[in-house]
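Read off the chains here:
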Amino acid sequence: MAELVNLTVSGSLTASFLVLGAIGLTITFGVLRFANIAHPDFMMLGAYSAFFFNGVLGLPFLPSALLGLCSAVLIGTAIAWIAYDRLDVRGPVPLLIVSIGVSLVLRHVVQFLFGSDFRQFSTPLQRPYVFGPVRLTSSQIATLAVAVLLVVAVHIILTRTKFGRTLRAMADNPTLCEIAGVDVAHARITVMGIAVFLAATAGILFGLNFIIQPSMGWDFLIPIFSATILGGIGNPYGAMVGALTIGVTQEWSTLFLSPVYKDVVSFAVLALCLLLRPQGLWGKVG
Amino acid sequence: MIDYIVALATLVGIQALLTLGLNFHFGLTGIVNFGQVAFYGIGAYASAILSVAGWPAPFAMLAGVAICVLASSLLGLTTLRLREDYFAILTLGFSEVLRILALNWRDLTNGAFGIPGIPRPFESYIVPASYGLFYLALVTVLLVVAFALCRVLALSPFGRTLRAIKDDDQAAMSFGKNPLRFRLLSLIWGASLASVAGSLWAHYITFVVPDQFTPEVTFYAWMAMIIGGLGSMPGSIAGAAVMVVLLEGTRFGNDLIPFLDAPRMAAIRQIFIGLGLIALMVRASRRAWIGQQTAPST
């Protein structure tokens, strides 16, 4: 029982990274209308930007994380804007192929600059807090808190602000939005910015808890896409539920299976779900 | 030098088979298959495992094709109904899941150590010095047969139906065609070609390891297909030749820029491949290759 509780906790931790990645991926899809393969690489970009300030320049973790986040958002949004907006490639499949190119370039530029070895943030030593059978470090608590906070923030932006309304309208019908005088170009770049921001935060949080590597984005590809598609691509709330499902299922599966099969498990969950509901749990048909 | 050209030509033949299969999927039928490497890997591993166990190479190859037919039918039946971007992600995931299985199912695949010592077919009948040439001939014969079959299929009523489905699902349905069935057949045929390519690769390199079957292989095939032109069978072969020469050519980069270590050099190579992919798509959209080509250039 204690083991199950602990696995659920580490599942929620995994879900925190997944949910931030999956929300960005799903709103990108809703507005830009393609599956961005490079999206998990923005997590890697965030982690390495923070690592640059923390590991290379030697700043303490918190300022490094903030500076890294800012630079990752600037770089990532610029890359996304150029690749997906300025190059005049249109249509879901051509843009998907472009995003594969972006993913390759991002990952290997980082590998060129930082090498392909595992890296770690230097953070102060932490004493775990003990809650009954659960032991949590302050990094883990911070991760869960930031994830919950950002999910709530996304919810408020989506439901309470003008931009959220624009976003939902664009996901629903982009042509109609344009006719109605919505500044589509502005909305597109803002969405990219938010998506990169969430992904980079997830990457930094991941680096806070584990070790980072240029290929970490690739390792997140299957779970993040599973979470996104599970919830119905384009639906941010679905992505939240999807991320939690995938994160917890992955950890529970380690009770019966070797941890190397985590990706296989998330893929199996996804395949099973799509067999029953081809549009995802809360997706629209078509 | 001659040996090097023979080796390059052999790789071109194998890459061309893989690309032909993909072109059948995407260029002709519009199936967005990002998991072509899965079928390539199945073929390679089937050949490796069975021929090391003593099967003759042709039977091992046929067994690989049979497994691929089964795997692609299963994949197709479950996923072909989905939207194209879902399908793309699922095929990509499928190929990664198979690679993870190959990496961890040690009893069958020997995991990360791979399977060495795959026998070369008909080796005892050929003078060792000319074996490379013989293997090139073998690859060429299979490629020519596959090319002819693809052409016949593409020009037959079957191929016409595939193009009709690609252009307009609903219209094809209103003529009493079942798009799912035709897409499935197209997927199986392209997967079988990939499997043959994988078998040829395994017997040629005589060593398989899961690292050879990363999604990059799929991306290279996509690049070769786009370079050659969507739906064009001769284009697939030309595109494969361009890709192999580019990929093998950049391996000599190390000699040109000696002050970079091997991982950095590998990174530069991948950066160029990524930029190449983007450039290809930009060019392709300018020329409206994607989505608008309807006339078969076969």
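Because the structure is predicted, anything quoted here is derived from the model rather than measured. (Residues numbered from 1 in each chain as written. Chains lettered and ligands numbered in written order. Predicted model: local features only at pLDDT ≥ 70, side-chain atom pairs only at ≥ 80, totals over all residues. Heavy atoms only, no water.)

## Quick look at the overall build of chain A
- When you go through chain A residue by residue, the secondary structure sums to eleven helices and two strands.
- When its helices and strands are written in sequence order, chain A yields α-α-α-α-β-β-α-α-α-α-α-α-α.
- Relative to its length of 286 residues, chain A is compact, with a C-alpha radius of gyration of 19 Å against a globular reference of 19 Å.
- For chain A, the spread of C-alpha atoms along the three principal axes comes to 55 × 45 × 35 Å.
- A total of 286 residues make up chain A; the buried ones form 55% of that total.
- Relative to all contacts within chain A whose residues are 6 or more apart in sequence, the contacts with residues 24 or more apart total 77%.
- Side-chain charges in chain A split into 15 positive and 11 negative, and the spacing between the mean points of these groups amounts to 8 Å. (Helix = DSSP H or I, 4+ residues; strand = E, 2+ residues; numbered from the N terminus. Rg over C-alpha atoms; globule rule 2.2 N^0.38 Å. Buried < 20%, exposed > 50% of the residue type's maximum accessible area, 1.4 Å probe, protein only. Contact = heavy atoms within 4.5 Å. Lys, Arg positive; Asp, Glu negative; His and termini not counted. Charge placed at Lys NZ, Arg CZ, Asp CG, Glu CD.)

## Observations regarding the overall build of chain B
- Of the regular secondary structure elements, chain B holds 13 helices and zero strands.
- The order of α-helices and β-strands along chain B, N terminus first, is α-α-α-α-α-α-α-α-α-α-α-α-α.
- Over its C-alpha atoms chain B spans a radius of gyration of 19 Å, differing by no more than 12% from the 19 Å that the globule rule assigns to 298 residues.
- The proportion of buried residues among the 298 residues of chain B is 56%.
- Taking the intrachain contacts of chain B between residues at least 6 apart in sequence as the baseline, contacts between residues at least 24 apart amount to 79%.
- Entry remark: accessible area of chain B is about 12700 Å², with carbon and sulfur atoms responsible for 70%. (Areas by Shrake-Rupley, 256 points an atom, 1.4 Å probe, with all protein chains shown as cover.)

## A word on helix α7 (residues 157-167) of chain B
- All buried positions along α7 of chain B are accounted for by G159, T161, L162, R163 and I165 of chain B.
- Of the surrounding elements, those touching the buried residues of α7 of chain B are α1 (2-29), α6 (131-155), α8 (169-174) and α9 (179-205) of chain B.

## A look at the side chain of H108 of chain A
- Mapped onto the elements, H108 of chain A comes out in helix α4 (residues 92-114).
- Beyond its immediate stretch of four places on either side in the chain, H108 of chain A contacts A267, Q270 and I271 of chain B.

## Section: the side chain of S195 of chain B
Residue and element names in this part refer to chain B.
- With respect to the element layout, S195 can be found in helix α9.
- Of note is the side chain of S195, whose polar atom sits 3.4 Å from the backbone oxygen of G64.
- Excluding anything up to four places from it in sequence, S195 contacts F39, G43, G64, V65 and C68. (Polar contact = N/O pair within 3.5 Å; in protein donor to acceptor, adjacent residues only side chain to side chain.)

## Let's talk about unusual backbone geometry
- One non-glycine residue, D88 of chain A, adopts positive backbone phi at about 60°.
- By secondary structure assignment, the location of D88 of chain A is in the loop between α3 (61-86) and α4.
- Classification of D88 of chain A by relative accessible area gives exposed; the value is 51%.
- Of note, the phi angle at T206 of chain B is positive, near 60°, even though the residue is not glycine.
- Secondary-structure assignment places T206 of chain B in the loop between α9 and α10 (215-228).

## Considering the packing of α6 of chain B against α9 of chain B
All names here are of chain B.
- Two elements in contact, α6 and α9, have axes separated by 12 Å at closest approach and are oriented at 175°. Classified by the angle between their axes, α6 and α9 sit roughly antiparallel to one another. Across the interface between the two elements, Y135, V139, L142, A146, L149, C150 and L153 from α6 touch W189, L193, V196, S199, L200, H203 and Y204 from α9.
- Its residues assigned to classes, the contact of α6 with α9 shows twelve nonpolar, two polar and no charged. (Axes fitted to C-alpha atoms, helices over the stretch in contact; angles between N-to-C directions. Parallel < 35°, antiparallel > 145°, perpendicular 65-115°, else oblique. Nonpolar A, V, L, I, M, F, W, Y, C, P; charged D, E, K, R; others polar.)

## Description of the pattern of salt bridges
Residue and element names in this part refer to chain B.
- Scanning the entire structure with this criterion turns up five salt bridges over all chains.
- One salt bridge connects D169 with R183, and the closest N-O pair in it is separated by 2.7 Å. Highlighted residues: D169 in helix α8 and R183 in helix α9, separated in sequence by 14 residues.
- Taking the relative accessible area as the measure of exposure, D169 reaches 25% and is therefore partly exposed. (Salt bridge = Lys/Arg side-chain N within 4 Å of Asp/Glu carboxyl O.)

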